[in-house]
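One-letter residues, chain by chain:
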Amino acid sequence: MCLKPKSLQFRIFAYGALFVSLVAVIIGISFYFTMSQGIEKQIGVRALSIAETTADRPDIRAAFEQADPSHYLQPIAEKIRRQTGAEYVVIGNKEGIRYAHPVVERIGKKMVGDDNERALIFGDSYVSEATGTLGPALRGKAPIKNNEGEIIGVVSVGYLNENISHTFFEYVDNISYIVLIAIGIGIIGSSILARNIKKELFNLEPVEIANRLTERNALIESVREGIVMVDANGCITTVNAAAYDTLSIPDRTEMIGKTIQEVLPNTLLPRVLETGERHLDRPMEIKGKKVIVNRIPIHSNGKIIGAVSTFRLQSELDQLVTELSQVKRYTDALRAQTHEYHNFLYTISGLIQLNSYEEALHLIHNETAEQQSLIQFVSKRLQDPFLGGIVIGFFNRAKELKVRFLLDEDSFLKELPPHLQKTHFVSIIGNLVTNAFEAVEWLPEERRMVRIFISDNGEEILLEIEDSGKGIDSEIFNALFQERVSTKEGKSRGFGLMKVAENVEDLGGSITFEKGDLGGALFIISIPKRGIKNENTDRSFDYRR
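Residues numbered from 1 in each chain as written. Predicted model: local features only at pLDDT ≥ 70, side-chain atom pairs only at ≥ 80, totals over all residues. Heavy atoms only, no water.

Turning next to the overall build of the protein. On a plain count of helices and strands, the protein comes out with 14 helices and 16 strands. Across the 545 residues of the protein, 41% fall into the buried class. Considering only intrachain contacts with a sequence separation of at least 6, the fraction spanning at least 24 residues in the protein is 58%. Working note: accessible area of the protein is about 31800 Å², and carbon and sulfur atoms make up 55% of it. (Helix = DSSP H or I, 4+ residues; strand = E, 2+ residues; numbered from the N terminus. Buried < 20%, exposed > 50% of the residue type's maximum accessible area, 1.4 Å probe, protein only. Contact = heavy atoms within 4.5 Å. Areas by Shrake-Rupley, 256 points an atom, 1.4 Å probe, with all protein chains shown as cover.)

Turning next to the sheet that holds strand β4 (residues 135–145). Backbone hydrogen bonds are what pair the strands of a sheet, in a parallel or an antiparallel way. With antiparallel pairing, 5 strands are arranged side by side in an open sheet as β2-β1-β5-β4-β3. Among the strands making up the open sheet, the edge pair consists of β2 (98–100) and β3 (126–132). Neighbour-to-neighbour, the strand axes of this sheet turn through a mean angle of 35°, independent of strand direction. Two elements, β3 and β4, share 7 bridges in a ladder whose sense is antiparallel. Across the sheet, residue Ala-130 finds its bridge partner in β4, namely Ala-137. Across the sheet, helix α3 (residues 69–84) touches β1 (88–93), β2 and β5 (151–160), and the angle it forms with β2 is around 60°. (Pairing = 2+ DSSP bridges. Axes fitted to C-alpha atoms, helices over the stretch in contact; angles between N-to-C directions.)

In total, this model carries 9 salt bridges according to the counting rule given. Residues Asp-59 and Arg-57 are paired through a salt bridge, measuring 2.8 Å at the closest nitrogen-oxygen approach. Judged by relative accessible area, which is 30%, Asp-59 ranks as partly exposed. Here Asp-408 makes a salt bridge to Arg-451, at a shortest N to O gap of 2.9 Å. Taken together, the residues span a long stretch of sequence, with Asp-408 in the loop between β11 (404–407) and α13 (422–440) and Arg-451 in strand β12 (residues 449–456) at a distance of 43 residues. Under the relative-accessibility criterion, Asp-408 is labelled buried at 18%. Via salt bridges that share partners, Asp-408, Arg-451, Glu-464 and Glu-466 belong to a single interconnected network. (Salt bridge = Lys/Arg side-chain N within 4 Å of Asp/Glu carboxyl O.)

The next thing to look at is unusual backbone geometry. One non-glycine residue, Asn-301, lies in the positive phi region at around 55°. One non-glycine residue, Lys-402, adopts positive backbone phi at about 60°. Mapped onto the elements of the fold, Lys-402 is located in the loop between α12 (385–401) and β11. Take Lys-402: its relative accessible area is 46%, and that puts it in the partly exposed class.

Bringing the packing of aromatic side chains into the picture now. Scanning the entire structure with this criterion turns up 6 aromatic pairs. When the ring of Phe-394 is compared with that of Phe-405, the centres are 6.5 Å apart and the planes differ by 50°; the resulting orientation is tilted. Note that Phe-394 is positioned in helix α12 and Phe-405 in strand β11, a separation of 11 residues in sequence. Residue classification places Phe-394 among the buried residues on the basis of a relative accessible area of 5%. Judged by its relative accessible area of 7%, Phe-405 is buried. Taking the centre distance of 5.9 Å and the plane angle of 40° together, the rings of Phe-513 and Phe-523 count as tilted. You can see Phe-513 sitting in strand β14 (residues 510–515) and its partner Phe-523 sitting in strand β15 (residues 521–528), a full 10 residues away along the chain. Overall, the relative accessible area of 8% leaves Phe-523 in the buried class. By the ring-pair criterion, three or more aromatic residues cluster together here, those being Phe-394, Phe-395, Phe-405 and Phe-437. (Phe/Tyr/Trp six-rings, centres within 6.5 Å; stacked < 30°, edge-to-face > 60°.)

Bringing the pairing of β14 into the picture now. Pairing between β14 and β15: 6 bridges, direction antiparallel. From the neighbouring strand, Ser-510 faces β15, where its bridge partner is Ser-526. Once β14 ends, the chain turns through 5 residues before running back antiparallel as β15, passing Gly-519 with a positive phi of about 100°.

Moving on, we get to the packing of α12 against α13. For the pair α12 and α13, interaxial distance at closest approach is 11 Å and the crossing angle is 15°. Between α12 and α13, the angle falls in the class roughly parallel. The two elements α12 and α13 cross, and the hand of that crossing is right-handed. Residues Phe-386, Leu-387, Ile-390, Phe-394, Arg-397, Ala-398 and Leu-401 of α12 form the contact with α13, whose participating residues are Lys-422, Thr-423, Phe-425, Val-426, Ile-429, Gly-430, Val-433, Thr-434 and Phe-437. (Parallel < 35°, antiparallel > 145°, perpendicular 65-115°, else oblique. Left-handed = near helix turned anticlockwise from the far one by under 90°.)

A few words now on the sheet that holds strand β6 (residues 226–231). In spatial order, the strands read β7-β6-β10-β9-β8; together these 5 strands make up an open sheet with antiparallel pairing. Two strands bound the open sheet, and with one partner strand each, they are β7 (236–239) and β8 (279–286). Each strand of the sheet is rotated relative to its neighbour by a mean of 25°, with strand direction disregarded. With 6 bridges connecting them, β6 and strand β10 (residues 303–313) associate as antiparallel partners. Directly across from Asp-231, in β10, lies its bridge partner Gly-306.

Another point: the confidence of the model for the protein. Across the protein, pLDDT averages 78, with 81% of residues at or above 70. Scored below 50 in pLDDT, residues 490–494 shows 12 contacts in the model against residues more than four places distant or in partner chains. Within the model, the stretch residues 533–545 combines pLDDT values under 50 with 25 contacts to residues more than four positions away or in other chains. (pLDDT = per-residue confidence, 0-100.)

Looking now at the environment of Gly-149. Locating Gly-149 in the fold gives a position in the loop between β4 and β5. On the accessibility criterion, Gly-149 (42% relative accessible area) is partly exposed.

Given a rise of 1.5 Å per residue, 19 residues ought to cover 27 Å, and the 27 Å separating the end C-alpha atoms of α13 matches this to within 8%. Burial runs high along α13: 15 of the 19 residues are buried. (Expected span 1.5 Å × (residues − 1).)

As structure tokens, this is what we get:
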């Protein structure tokens, strides 16, 4: 049976309560020992004070001159003992023989403890701890001196350790109550703290927080848009890899902790932090690159605690626009075909209404024969319906554009291998054929020609697209497949061939171009059927003039 790990709230509560309890117990014990030492010191001072006061009494000194000092000293010592609460008041002569003692039978015997030397020899008053006939005790010792200042005896006032301990224990209950109250308060406080911390963490466990942080970082890094987050002070807290690329900053450069103005002096994020307004799809130039920027404030409990900025190169958006335009061209081709057939149907309808049945039948026969011939020819040469369909679509588009579109009679392709993505082939053929149409549209109608060749030689699939245009300027040979390089005018140009190059590379193929027999550009694409990607990771393309 697997044990479920304890929740964060329980652990915070348990550790907090344990810590507070431990501290309370340590403080209680420390307080007990500190108080014990203080009480012991006070009792010692009291014993010494009583001993000194007793030793200075004239009647005590006078009793030493009597023939039987004990007869006078015993009542005085007992009275002092009762009045002060001491365990015993013992008076002895210079030799340490007792003259007064709580136990009468011990009078006349030598004092026990061996701690009288300092008082009898050196004349010191002091506190000592020794074991006497009544047991271990804390004693105050003071010498008794006559009128001439000579030491004639000693006074010993004692408090038994046993009784002192009883005094200590009288305070243990109070200390225990205080410790228990402190522990109770600590437990309640730990419970409140644990509940509040769990609430601040959105009721998530540490493992869940770690997983979500990992997922968050992976998500941020997977986004192709550059992402930069700042705190309320404008200091960068998060940057993803795409932001480094867009900002042209080396990956090893540390940006976390820097202010956003240090990295992007012309940024408007500080204004977002001040006003809380959202900036969506705003154009901006970063180090010579045109980007589209979104800036959004981050709110928490009604306060702005930071902001996030996402940005993407405008050229990438233009590339998407170009791809959508390509799709639109296909749609226009279908629309043109539909329009042409509508006109054809209207013509037939008119001939029938004019009772020109022979002309209508002749027109239908010719159109059907032409279309059927085209379909049969394409279907025979290109048995893959995916490629056959797009080629027939371009035949119809060429007919509308008054362009002679030729499918090389040597073309033959049974089917595309299933592991090769057909959408890549459509994109390659679509971009190159569309470029070829645009390259010949300025020519006289009789000179507008575009040829396409598709073949499978067993090892690779070959594609050739050739036009009768003016060809490719030698000045852009080396940069032809780069972004925004085009032989045609216009702002949204230069993405089609770059997309072709990307698709060829994804298919593991190669592309070359040269001047064709028709006088224009001839593109030759080779796609290995095994689908092995080129080992050369640098995108380079052969060309011949």
